[in-house]
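Letter by letter, the chains look like this.
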Amino acid sequence: MAKTALLKLDDKEYPLPVMEGTEGEKAIDTRTLRASSGYIAYDQGYGNTGSCESQVTYLDGDNGILRHRGIPIEQLASYSDFVETSYLIIYGELPTPALRKEFGLRLRKNAAVETQIQKILEGFPTSASPMAMLSAMVAALPAYHPELATNHFENDLKNFDLAAAIAISKIRTMVSMIYRYQKGLPFMFPKQELPFADNFLHMMFSEPYQDYVAPPEVAKALNLVLLLHADHEQNCSTSTVRMVGSSQANMFTSMSAGICALSGPLHGGANVAVMQMLQSIHDEGDDGTRFIAAAKSGSKSNRLMGFGHAVYKNFDPRAKIIGEACDTVLKRLGIDDPLLTIAKNLEQAALKDDYFVSRKLYPNVDFYSGIIMRAIGIPMNMFTTMFAIGRSPGYIANWKEVASNPKGRIYRPRQIYVGPKQRDYVPMNRRGE
Ligand code: CMC
C-alpha cells in the first residue's frame, strides 16, 4: 500500500501522499491540503518546498553531493568539458561522438549575434551593469527568432535543439561583446573553427590583426569554471526560469528572467563581492579579521562573501574542486596572486571560528572562482556574466522540463496575508495633513 502522512488538525485527520525520489529524497505532497482543510503549507523562501520533480541534477547538501543526470561533478570536472556537460544536462545522456560533433556544430553555427541586438547593447551607457545588458540582449532574442519563441510549448519544443544552441552560443558571444563595448574596443566576430572556450577567449582578447590564441591551460581553466556552474538544482535563478516558463513563456524570455535573478549579490553576484572583499583586505593590509568580526554581527550586509550556502551544510563540492584547481592553474600560468593567499588564510580563520563552524558555513563555489577568472584575464565586473554563460545549460534543461510536462501548471504560490483588515477609502479632503 502506498505510504501516506497523516496531518491532525483540530479533531480531523488529513492523509497526505508521500513521494520518494530515485535517491531516496522524501516529500509530503500537500497539493490537496488547502482544498480538504482550508490550510496552506507555509514555507517562506521555499527552503523546504519541492516545487517540481526533476531529472536533471541531484544535490545532497548535507553530504556535499552534486550529480548531473546521475554523474558526479568530480568525474565531470576531471574528464568532461563544458560543451559535453551541457549536452548531458540538456539531453540527459552523454553524447555519442556523432552527437557531440553535431551539437558542437550547432553551437559554432549560431555564435554570431544579430546586428540589431548589437544596437541594443550600444543603447546602454558603457557604465551600465553587464548583467543588465546581458538580460536585455537575451530578452531581445525572441524578436529576432520569432519562429523559435512562439510562447506555445508544443511549437517551441519542435525547434528546441536550435533554440538551445542559439541560447548557449550567443550568450557567450554577448558576454564578450559587453566586455569590448565597455572598454571601447571593436567587436570580434566568432571563429567557427575554434572550440567553445577558445572562441570566447578570442572574442574577448583578440585585437584587429592580432589574434589572441588561448594557451591550452587557460581554455582548460575556463572550461572548468563554466562546467562547475552548469546547473545547480532549484537555485534562485533556475527556479525563476521555471516560474516564468510555467506561464508558457518561451525559453529565451525565461532565461532572461533567470539572468536578472542571477545578478543579485546573494546569488551570482557573490563572485564579484568576494573579489571586492579580498581586494579590500589586500589594500588595507589587514588579515581579514575585520571582515570576520563584521560577518559575525549577524547583519546581512556584512556577510563573509563566498561563505555559506542555502543547501550545502557540510561542504560545496564545487568549491573543493575549484579551490584545488586554483593552485594548479595559477602555477601553470606563472601567476602569484596575493588574493589567493588572503583567501586561503581567510578560509582557515573562518573554519576555526565557532560562529562559522556552528552554522555550518563553508566556502562556496564563488569563493575561489573569481581568482581563476582573474588569472585568465576576465575583469571583475564581468564575473557574474561568466556565471550566466555557465548556467545556461541548466536554465535550458529546466525550461524544457517545464515545457514538456503535460501535467504542469502555472507556478502560483499562495501567501499568508498580514496587512490591514478591510477598511474604507477616505477621500483626499478628509485625510488631514
Ligand atoms: N557570513 C556570515 N554569516 C552568515 C553567512 C555569511 N556568509 N551566511 C549565513 N550566515 C549566518 C546567518 O546570518 C544565520 O545566522 P543566525 O542563525 O545567527 O541568524 C546563519 O548563518 C544561517 O544562515 P541562513 O540565512 O539560514 O543561510 P541561507 O541558507 O538563508 O543563506 C546564503 C545562504 C548563500 C544566501 C548565505 O550563506 C550568504 O549570504 N552567503 C554569502 C553570499 C554568497 O556567498 N552567495 C553565493 C552562494 S553560492 C552561489 C550560488 O549558488 O548562487
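In this text the structure is predicted, and so the values were computed from the model without any measurement. In this convention, every chain numbers its residues from 1, walking through the sequence in written order. Per-residue local features are limited, in this predicted model, to residues with pLDDT of at least 70; the limit for side-chain atom pairs, both in listing and counting, is 80 or more; totals at the level of whole chains, interfaces and linings are taken over all residues. Side-chain calculation: all heavy atoms of the structure are included, whereas hydrogens and water are not.

### Notes on the overall build of the chain
Right, so step 1: The secondary structure content of the chain amounts to 19 helices and 6 strands.
Right, so step 2: Taken over C-alpha atoms, the radius of gyration comes to 23 Å for the chain, in line with the 22 Å a tight globule of 433 residues would show.
Right, so step 3: Considering only C-alpha atoms, the chain reaches an extent of 80 × 65 × 55 Å along its principal axes.
Right, so step 4: When a residue's accessible area, from a 1.4 Å probe over protein chains only, is under 20% of the maximum for its type it is buried; when over 50% it is exposed; and in between it is partly exposed. Split into buried and exposed, the 433 residues of the chain put 47% on the buried side.
Right, so step 5: Taking the intrachain contacts of the chain between residues at least 6 apart in sequence as the baseline, contacts between residues at least 24 apart amount to 71%.
Right, so step 6: Using the Shrake-Rupley algorithm and a 1.4 Å probe, accessible areas are obtained, with residue cover drawn only from the displayed protein chains. Per element, the accessible surface of the chain, about 22300 Å² overall, is 52% carbon and sulfur.
Right, so step 7: The positive count covers Lys and Arg only, the negative count covers Asp and Glu only, and His and the chain ends enter neither. For the purpose of locating charges, the reference atoms are NZ of Lys, CZ of Arg, CG of Asp and CD of Glu. The centroid of the 46 positive side-chain charges in the chain is displaced by 4 Å from the centroid of its 45 negative side-chain charges. In this text, helices come from DSSP runs of H or I with a minimum length of four residues, and strands from runs of E with a minimum of two, each type numbered from the N-terminal end. The globule rule is 2.2 Å times the number of residues to the power 0.38, and the radius of gyration it is compared with is taken over C-alpha atoms. Throughout, a residue-residue contact means that at least one pair of heavy atoms, one from each residue, lies within 4.5 Å.

### A closer look at the state of the cysteines
Right, so step 1: Cysteine sulfur pairs qualify as disulfides if the two atoms are within 2.5 Å. With the rule as written, the count across this model stands at 0 disulfides.
Right, so step 2: The cysteine Cys 236 is free of any disulfide, with Cys 260 supplying the nearest cysteine sulfur at 11 Å.
Right, so step 3: A relative accessible area of 46% means that Cys 236 is categorised as partly exposed.

### Looking at the domain arrangement of the chain
It is common to give the size of an interface as the accessible area that goes away when the parts come together.
Right, so step 1: Here the chain is described as being made up of domain 1 (4-66), domain 2 (79-263 + 380-404) and domain 3 (270-376).
Right, so step 2: Distance from the C-alpha centre of domain 1 to the C-alpha centre of domain 2: 33 Å.
Right, so step 3: Contacts between domain 1 and domain 2 engage 9 residues on the former and 9 residues on the latter.
Right, so step 4: Taking both partners together, domain 1 and domain 2 bury about 750 Å²; carbon and sulfur atoms supply 56% of that area.
Right, so step 5: Considering only the surface of domain 1 that becomes buried against domain 2, Val 56, Thr 57 and Leu 59 emerge as the three largest contributors, covering 54% of it.
Right, so step 6: A pairing counts as a salt bridge when a side-chain nitrogen of Lys or Arg comes within 4 Å of a carboxyl oxygen of Asp or Glu. Where domain 1 packs against domain 2, one counts 0 salt bridges.
Right, so step 7: Throughout this description, a polar contact denotes any pair of N or O atoms lying within 3.5 Å of each other; where both atoms belong to protein, one of them has to be capable of donating a hydrogen while the other can accept it, and for residues adjacent in sequence the pair is counted only when both atoms sit in side chains. In this assembly, domain 1 and domain 2 are joined by 3 residue pairs in polar contact (both at pLDDT 80 or more).
Right, so step 8: Residue composition of the side of domain 1 that touches domain 2, by class: 4 nonpolar, 4 polar and 1 charged. Domain start and end points were adopted from an automatic or database domain assignment. The quantity reported as buried area is the accessible area (1.4 Å probe) lost by two parts once they are put together, taken as the sum for both. In this classification, Asp, Glu, Lys and Arg are treated as charged, Ala, Val, Leu, Ile, Met, Phe, Trp, Tyr, Cys and Pro as nonpolar, and every other residue, Gly included, as polar.

### Some thoughts on the packing of aromatic side chains
Right, so step 1: Working definition: a ring pair exists when centres of Phe, Tyr or Trp rings (six-membered ring for Trp) sit within 6.5 Å. Plane angles under 30 degrees give stacked, over 60 give edge-to-face, the rest tilted. Enumeration according to the criterion identifies 13 aromatic pairs in this entry.
Right, so step 2: Between Tyr 91 and Phe 160, the aromatic rings sit 6.1 Å apart at their centres with planes inclined by 80°, giving edge-to-face as the arrangement. Of this pair, Tyr 91 sits in helix H3 (residues 82-91) while Phe 160 is found in helix H8 (residues 160-183), placing the two residues 69 residues apart along the sequence.
Right, so step 3: Judged by its relative accessible area of 3%, Phe 160 is buried.
Right, so step 4: Ring centres 5.8 Å apart and planes at 70° place the aromatic pair Phe 307 and Phe 356 in the edge-to-face group. Pair noted here: Phe 307 is in the loop between helix H14 (289-295) and helix H15 (317-333) and Phe 356 is in helix H17 (residues 354-358), with a separation of 49 residues, a long-range link. Neither residue differs from the other here; Phe 307 and Phe 356 are each classed as buried.
Right, so step 5: Every member of this aromatic cluster is reached through a ring pair, and the members are Tyr 87, Tyr 91, Phe 103, Phe 153, Phe 160 and Trp 399.
Right, so step 6: The ring of Phe 196 carries the charged tip of Arg 172 above its face, separated from the ring centre by 4.2 Å.
Right, so step 7: The ring of Phe 315 is capped by Lys 320, whose NZ or CZ atom sits 5.0 Å from the centre of that ring. Placement of a charge over a ring requires the Lys NZ or Arg CZ to be within 6 Å of the ring centre, with the centre-to-atom vector within 35 degrees of the ring normal.

### What about the pattern of salt bridges?
Right, so step 1: For the structure on display, the rule yields 12 salt bridges.
Right, so step 2: Between Arg 67 and Glu 23 there is a salt bridge, with the nearest N and O atoms lying 2.9 Å from each other. Linking Arg 67 in strand E5 (residues 65-68) with Glu 23 in the loop between strand E2 (12-20) and strand E3 (26-28), this pair joins segments that are 44 residues apart in sequence.
Right, so step 3: On the accessibility criterion, Glu 23 (44% relative accessible area) is partly exposed.
Right, so step 4: A salt bridge links Lys 170 to Glu 114; the nearest nitrogen and oxygen atoms lie 3.1 Å apart. You can see Lys 170 sitting in helix H8 and its partner Glu 114 sitting in the loop between helix H4 (97-109) and helix H5 (115-122), a full 56 residues away along the chain.

### Things to note about the environment of Tyr 87
Right, so step 1: Within the secondary structure, Tyr 87 is located in helix H3.
Right, so step 2: On the basis of relative accessible area, Tyr 87 is assigned to the buried category, the value being 9%.
Right, so step 3: Sequence spacing of Tyr 87 and Lys 407 is 320 residues, and the spatial spacing of their C-alpha atoms is 25 Å.
Right, so step 4: Leave out the neighbours within four places in its chain, and Tyr 87 touches Gly 92, Glu 93, Leu 94, Pro 95, Leu 99 and Phe 103.

### Overview of the side chain of Arg 318
Right, so step 1: On the secondary structure map, Arg 318 appears in helix H15.
Right, so step 2: In this view, Arg 318 contacts Leu 66, Leu 228, His 232, His 309, Tyr 312, Val 365 and Arg 391; residues no more than four positions away in its chain are not counted.

### So, the site of the ligand
Right, so step 1: Residue proximity to a molecule or strand is established when one non-hydrogen atom of the residue lies within 4 Å of it. Around the ligand, 18 residues are found, and the nearest of them are His 267, Arg 303, Leu 304, Gly 306 and Tyr 355.
Right, so step 2: Here an oxygen atom of the ligand sits 2.8 Å away from a polar atom, N or O, in the side chain of Arg 303.
Right, so step 3: When the ligand sits alone it has 940 Å² of accessible area, and the protein chains cover 74% of it.
Right, so step 4: Grouping the constituent residues of the shell around the ligand by class yields 9 nonpolar, 5 polar and 4 charged.

### A few points about a positive patch on the surface
Right, so step 1: Like-charged residues are merged into a patch within 9 Å and nonpolar side chains (Val, Leu, Ile, Met, Phe, Trp, Tyr) within 5 Å, provided each residue has over 30% relative accessible area and no salt bridge. Taken together, the side chains of Arg 34, Arg 409, Arg 412 and Arg 414 make up a positively charged region of the molecular surface.
Right, so step 2: By the element assignment, Arg 412 lies in the segment after helix H19 (383-404).
Right, so step 3: With relative accessibility at 58%, the residue Arg 412 sits in the exposed group.

### Structural notes on the pairing of E5
Right, so step 1: Of the two faces of E5, the one lined by Leu 66 and His 68 is fully buried and the one lined by Ile 65 and Arg 67 carries no buried residue.
Right, so step 2: At least two DSSP bridges between two strands are required for those strands to pair. Alignment of strand E4 (residues 57-60) against E5, held across 4 bridges, turns out to be antiparallel. Residue pairing for E5: Asp 60 is matched across the bridge by Ile 65.
Right, so step 3: The loop that links E4 with its antiparallel partner E5 comprises 4 residues; one of these, Gly 64, has a positive phi angle of about 60°.
Right, so step 4: Where E5 and strand E6 (residues 71-72) come together, 2 bridges link them in antiparallel fashion. Paired with His 68 across the bridge in E6 is Ile 71.
Right, so step 5: Counted between consecutive antiparallel strands, the loop separating E5 from E6 contains 2 residues, among which Arg 69 sits at a positive phi close to 50°.

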